[in-house]
Amino acid sequence: MTDTSALRFGIDTFGDVTRGPDGAPTPQAQVIRDVVEEAVLADQVGLDAVGIGEHHRADFAVSAPDLLLAAIAARTSRISLGSAVTVLSSDDPVRVFQRFATLDAISGGRAEITLGRGSFTESFPLFGYDLSQYETLFTEKLDLFAHLRSEQPVTWSGTVRAGLTDQEVFPHTESGALPTWIGVGGSPESVIRAARYGLPMMLAIIGGAPDRFQPYVELYRRALSQFELPSLPVGVHSPGHVGATDAEALQEFFEDYKAMRDRIGRDRGWPSMSRHEFEAEVEHGSLYVGSPETVAQKIARTVQVLGVQRFDLKYSAGPLPHDVMMSGIERYGTQVVPRVRELLAEAPALEPTTAG
């Protein structure tokens, strides 16, 4: 049996530009307002966290997640408010810390942040950074951010920004430590880095069998032990949609998910997604699409096999309409999450299977 008391469930969105009732793209300003309503609903149906990603391109409306999260803070009372992810490489760690510490104050201690390099590179030329420094930018800025989290005077030097000498950064958080995750897409080096800094790890599993990430979880646990650090949470971020039935969920989600995936794929040399590929990913991979029972069963198994403490459903998918997403969020919070907890409380631990 699995103890579910520490298990948390969230939703993530990148603020995808949706399709309106007339089929036309929704204006970005309206998308931003809709994201606020989606987060408010998540709070109302008992979800634990909402994460909002950062992008700088026409198909995503959100470029300033912390500002949007502050608006959500004013409309909610209990849900954690985080980024998914903050592209630290093309931002300033001091300003990132200040913005999220301010969000933490506004929300009464509900802010959290997930730091990563991001899977898109538009922010680098936008803010004047050279992609040839891709690795150095993240490595050095993460090191500075880790120092800032101590909320003590910081002395730091690097090559990508001005150094600090006994500099204190404000505001301080009331808890004394801003909750911070490291987003990991499948690089062992990123796993070790998260452990070295003593930060929880959020696995972005967006394709293939979740089982294949078990070695990364084991590596993370071993690294924490070798660094003589306590056990820390591991989370999973994966896409999906909860419909009234399996057939309805597939029908609602496929075309819009395919539109998003094919649009991004054209830039990356991927072939167009077929219906067969989509259904195979739903059946055996990391698309959590189906009825509440189907999605709950799949999430429960992922939690057991990987031994994670958090699951975030990335519920937006390209032009998927706002009303469809609202229905999915409502089912996720009121039906899926309680059922996952029930399944985990009743079932023996599962053994991982070999990923195909």
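Below or above, wherever it landed, is the structure these notes cover. (Residues numbered from 1 in each chain as written. Predicted model: local features only at pLDDT ≥ 70, side-chain atom pairs only at ≥ 80, totals over all residues. Heavy atoms only, no water.)

## What to know about the overall build of the protein
Then step 1. Scanning the protein for helices and strands turns up 11 helices and 12 strands.
Then step 2. In terms of principal-axis extent, the alpha carbons of the protein reach across some 60 × 50 × 40 Å.
Then step 3. By the burial criterion, 55% of the 356 residues in the protein qualify as buried.
Then step 4. Taking the contacts inside the protein whose residues are at least 6 apart along the sequence as the reference set, 74% of them involve residues at least 24 apart.
Then step 5. Summed over its atoms, the accessible surface of the protein is roughly 15000 Å², and 53% of this surface lies on carbon and sulfur atoms.
Then step 6. Taken as two groups, the 31 positive and 47 negative side-chain charges of the protein have centres that lie 2 Å from each other. (Helix = DSSP H or I, 4+ residues; strand = E, 2+ residues; numbered from the N terminus. Buried < 20%, exposed > 50% of the residue type's maximum accessible area, 1.4 Å probe, protein only. Contact = heavy atoms within 4.5 Å. Areas by Shrake-Rupley, 256 points an atom, 1.4 Å probe, with all protein chains shown as cover. Lys, Arg positive; Asp, Glu negative; His and termini not counted. Charge placed at Lys NZ, Arg CZ, Asp CG, Glu CD.)

## Description of the environment of Val154
Then step 1. As for its placement among the helices and strands, Val154 is situated in strand E6 (residues 154-156).
Then step 2. Once the C-alpha coordinates of Val154 and Val169 are considered, the two residues, 15 residues apart in sequence, prove to be 8.2 Å apart.
Then step 3. If we ignore the near neighbours within four places in the chain, the residues touching Val154 are Leu144, His147, Leu148, Leu164, Thr165, Asp166 and Gln167.

## Description of the pairing of strand E9 (residues 201-204)
Then step 1. As paired strands, strand E8 (residues 180-184) and E9 are joined by three bridges and run parallel to one another. Bridging across to E9, Ile182 finds its partner in Met201.
Then step 2. Between E8 and its parallel partner E9, the chain crosses via helix H6 (residues 188-196), and the hand of that crossover is right-handed. (Pairing = 2+ DSSP bridges. Right-handed = clockwise from strand over helix to strand, strands pointing away.)

## Re the pattern of salt bridges
Then step 1. Evaluated as defined, the whole model comprises 25 salt bridges.
Then step 2. For Arg57, the salt bridge identified is with Glu122, shortest N-O distance 2.9 Å. One end of the pair, Arg57, is in the loop between strand E2 (49-52) and helix H2 (65-73); the other, Glu122, is in the loop between strand E5 (113-116) and helix H4 (123-126), with 65 residues separating them in the sequence.
Then step 3. We classify Arg57 as buried; its relative accessible area is 17%.
Then step 4. Given the relative accessible area of 28%, Glu122 is considered partly exposed.
Then step 5. For the salt bridge of Asp92 with Arg161, the shortest nitrogen-to-oxygen distance reads 2.7 Å. Separated by 69 residues along the polypeptide, Asp92 in the loop between strand E4 (86-87) and helix H3 (93-106) and Arg161 in the loop between E6 and strand E7 (164-167) bring together distant segments of the chain.
Then step 6. Taking the relative accessible area as the measure of exposure, Arg161 reaches 22% and is therefore partly exposed.
Then step 7. When salt bridges with common partners are traced through the structure, they connect Arg57, Asp59, Glu122, Arg263 and Asp267 into a single cluster. (Salt bridge = Lys/Arg side-chain N within 4 Å of Asp/Glu carboxyl O.)

## Some words on H2
Then step 1. Of all nine residues in H2, seven are buried; the element is thus mostly enclosed.
Then step 2. Taken residue by residue, H2 has Pro65, Asp66, Leu68, Leu69, Ala70, Ile72 and Ala73 as its buried positions.
Then step 3. Of the surrounding elements, those touching the buried residues of H2 are helix H1 (28-44), E2, strand E3 (80-83) and H3.

## A closer look at empty space enclosed by the protein
Then step 1. The final tally for this structure, using the stated rule, is two cavities of 30 Å³ or more.
Then step 2. Its boundaries defined by the atoms lining it, the largest cavity holds a volume of some 50 Å³.
Then step 3. In terms of lining, the largest cavity is formed by Gly240, His241, Val242, Leu313, Tyr315, Met325, Gly328, Ile329 and Tyr332.
Then step 4. When residues of the lining of the largest cavity are traced back to their parent elements, those giving at least two are strand E10 (234-242) and helix H11 (322-346).
Then step 5. Sorting elements by how many residues they give to the lining of the largest cavity places H11 first, with four residues.
Then step 6. Per-class residue counts for the lining of the largest cavity are six nonpolar, three polar and no charged.
Then step 7. Taken as a whole, the second largest cavity spans an internal volume of roughly 40 Å³.
Then step 8. Along the walls of the second largest cavity sit Thr13, Gly15, Asp16, Thr18, Val31, Asp34, Val35, Glu38, Ser316, His322 and Met325, which together make up its complete lining.
Then step 9. Of all the elements in the fold, those that place two or more residues in the lining of the second largest cavity are H1 and H11. (1 Å grid on protein atoms, 1.4 Å probe; cavity = no way out; pocket = protein on both sides within 12 Å on 5 of 7 lines; lining within 4 Å. Points joined across faces, edges and corners; volume = space filled by probe spheres on them. Nonpolar A, V, L, I, M, F, W, Y, C, P; charged D, E, K, R; others polar.)

## Things to note about the environment of Tyr257
Then step 1. When you line up the elements, Tyr257 lands in helix H8 (residues 246-268).
Then step 2. In this structure Tyr257 comes out as buried when scored by relative accessible area, which is 8%.
Then step 3. Taking the C-alpha atoms as reference, Tyr257 lies 37 Å from Ala177; in sequence the two are 80 residues apart.
Then step 4. Among all residues touching Tyr257, those that are not within four sequence positions of it are Ile206, Pro239, Met273, Phe278, Leu287 and Ala317.

## Some thoughts on the side chain of Asp48
Then step 1. Within the fold, Asp48 resides in the loop between H1 and E2.
Then step 2. For Asp48, a relative accessible area of 18% corresponds to the buried category.
Then step 3. Beyond its immediate sequence surroundings of up to four residues, Asp48 is in contact with Leu7, Arg8, Phe9, Arg78, Ile79, Ser80 and Arg341.

## Structural notes on the nonpolar core
Then step 1. Counting 101 residues, the largest nonpolar core has Phe9, Leu47, Leu203, Tyr220, Phe278, Ile299 and Tyr332 as its most contacted members.
Then step 2. Top element by residues in this core is H11. It accounts for nine residues.
Then step 3. For Tyr220, the contacting residues outside a window of four places in its chain are Val191, Ala194, Ala195, Leu199, Pro200, Met201, Leu232, Pro233 and Val234. (Core = buried A, V, L, I, M, F, W, Y, C linked by side-chain atoms within 4.5 Å.)

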